[in-house]
Amino acid sequence: MPFPLRAARAGALLTAAVLVLAACGSGDEPTAAAGEGGGALGDLTLQLSWIKNAEFAGEFFADTNGYYEEAGFGTVTMDPGPGAIETLVATEDADFGLSNAVSTAQVVAEEDAPLRIVGTKFQKNPFTILSLADGGDIATPQDLVGKRIGVQAGGNETLFDALLEVNGIDPASVEKVPVEYDPAPLIDGEVDGFLAYLTNESITVRSQGIEVTNLPFADNGLPFVAESVITTERMIAEEPERVMAFLEAEIRGWQDALADPAEGARLAVEEYGADLQLDMDKELEQSEVQAGLIVTPDVEANGLFTISDELIEQNMATLAAAGIDIEAEDLFDLSLLEQLLEEKPELTELPS
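Small disclaimer: the values here were computed from a predicted structure and weren't measured. (Residues numbered from 1 in each chain as written. Predicted model: local features only at pLDDT ≥ 70, side-chain atom pairs only at ≥ 80, totals over all residues. Heavy atoms only, no water.)

Caption draft 1: Here's a closer look at the pattern of salt bridges. Tallied over the entire structure, the rule returns 20 salt bridges. With a shortest N-O distance of 2.9 Å, Lys344 and Glu248 are connected by a salt bridge. Residue Lys344 is located in the segment after helix 15 (335-343), and its partner Glu248 is located in helix 10 (residues 240-259); the two are separated by 96 residues in the primary sequence. Using a relative accessible area of 28% as the deciding quantity, one classes Lys344 as partly exposed. Through salt bridges with shared partners, a single network forms among Glu92, Asp95, Arg234, Glu238, Glu239 and Arg242. (Salt bridge = Lys/Arg side-chain N within 4 Å of Asp/Glu carboxyl O. Helix = DSSP H or I, 4+ residues; strand = E, 2+ residues; numbered from the N terminus. Buried < 20%, exposed > 50% of the residue type's maximum accessible area, 1.4 Å probe, protein only.)

Here it is in structure tokens:
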């Protein structure tokens, strides 16, 4: 079955979203509090941004290979998305969440949510305008002019409008067509382009034997980090050892995932996402595609989950273009990651 694209959504009011928290988790088991598990650091709840597919191969490796346990955690619960990630973390119904700079910044700026990004998996966000090579063939921002673009309501509209803004394109020159998350309108010719994910709809459409063209946001004026680790200010201040332990386990898991994308795909298809009827070929391709979003020259120089000063500046420019008023220090806190990597430099190593 098709699953909706994660939107860089405008955050719902935290006070209102608390009313629907029960609908956002993956099951009926209550979240365990710190100290209740078998590990010294207590049980761990991680809110994923999406279904349990290869996007979380590193987390699957960290769990399977015992890295969370070795870091000091007891029972590990990975709740699939989509859901109110920022709300779940802000209310501490989840210890950590995986989101993106736009979504988190919007909630922090509009709701004064006590959240910070403490590291990131994706250096480059996967958002793209997907088109058919023998159709719209949208390869440059200027190719958007005169086209019908399928855009999902909410945060995706904010991002699309920002894409036009930073590339100097008059919104009146582009027809924005309301769509859901299934790319069928693109395949059927109802739209010329479709707001999608490089690691999801782009692969799905191409797997049908259709040649596609992508216009990645990250390469066309809207760079921002995604699959970013978020937690609370309180956690950072009062339980820094839990933050550092989690980041260590995550990094070790992603070192394994990058070294063995085939096993990462297998873990998704046969174990963690076994009830989703995932396609092995698609998951393997996703593992390979997302490696290019994770490993950049900055990561090769500094290590996984790091965010360079230059990239932070680029993120802030993107947020400004999206109309989000926030200071970098109110969104990013990389101090514990920096301390961890200083104490354990082997974590900066990448698989050869």
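Caption draft 2: Molecular detail of the packing of aromatic side chains. Taken as a whole and assessed by the stated rule, the structure comprises six aromatic pairs. Centroid distance Phe127 to Phe217: 6.1 Å. Interplanar angle 35 degrees. Geometry classified as tilted. On the criterion of sequence distance, the pair formed by Phe127 in strand 5 (residues 127-132) and Phe217 in the loop between strand 9 (212-216) and strand 10 (226-232) is long-range, its members being 90 residues apart. Judged on exposure class, the residue Phe127 and its partner Phe217 are both buried. Three or more aromatic residues joined by ring pairs make a cluster, and in this case those are Phe127, Tyr197, Phe217 and Phe224. (Phe/Tyr/Trp six-rings, centres within 6.5 Å; stacked < 30°, edge-to-face > 60°.)

Caption draft 3: Structural view of the packing of helix 2 (residues 57-64) against helix 10. Look at helix 2 against helix 10: their axes get within 7 Å of each other, and the N-to-C directions meet at 110 degrees. Here helix 2 is positioned roughly perpendicular relative to helix 10, judged by the angle of their axes. For the pair formed by helix 2 and helix 10, the contact residues are Ala57, Gly58, Glu59, Phe61 and Ala62 on the first element and Ala249, Glu250, Gly253, Trp254, Asp256 and Ala257 on the second. Its residues assigned to classes, the contact of helix 2 with helix 10 comprises six nonpolar, two polar and three charged. (Axes fitted to C-alpha atoms, helices over the stretch in contact; angles between N-to-C directions. Parallel < 35°, antiparallel > 145°, perpendicular 65-115°, else oblique. Contact = heavy atoms within 4.5 Å. Nonpolar A, V, L, I, M, F, W, Y, C, P; charged D, E, K, R; others polar.)

Caption draft 4: Representation of unusual backbone geometry. In this chain, Gly81 is followed by Pro82 through a cis amide linkage whose omega measures 0 degrees. Structurally, Pro82 can be placed in the loop between strand 2 (76-79) and helix 4 (85-90). Phi is positive for Glu92, close to 60 degrees, though the residue is something other than glycine. Relative to the elements of secondary structure, Glu92 occurs in the loop between helix 4 and strand 3 (96-100).

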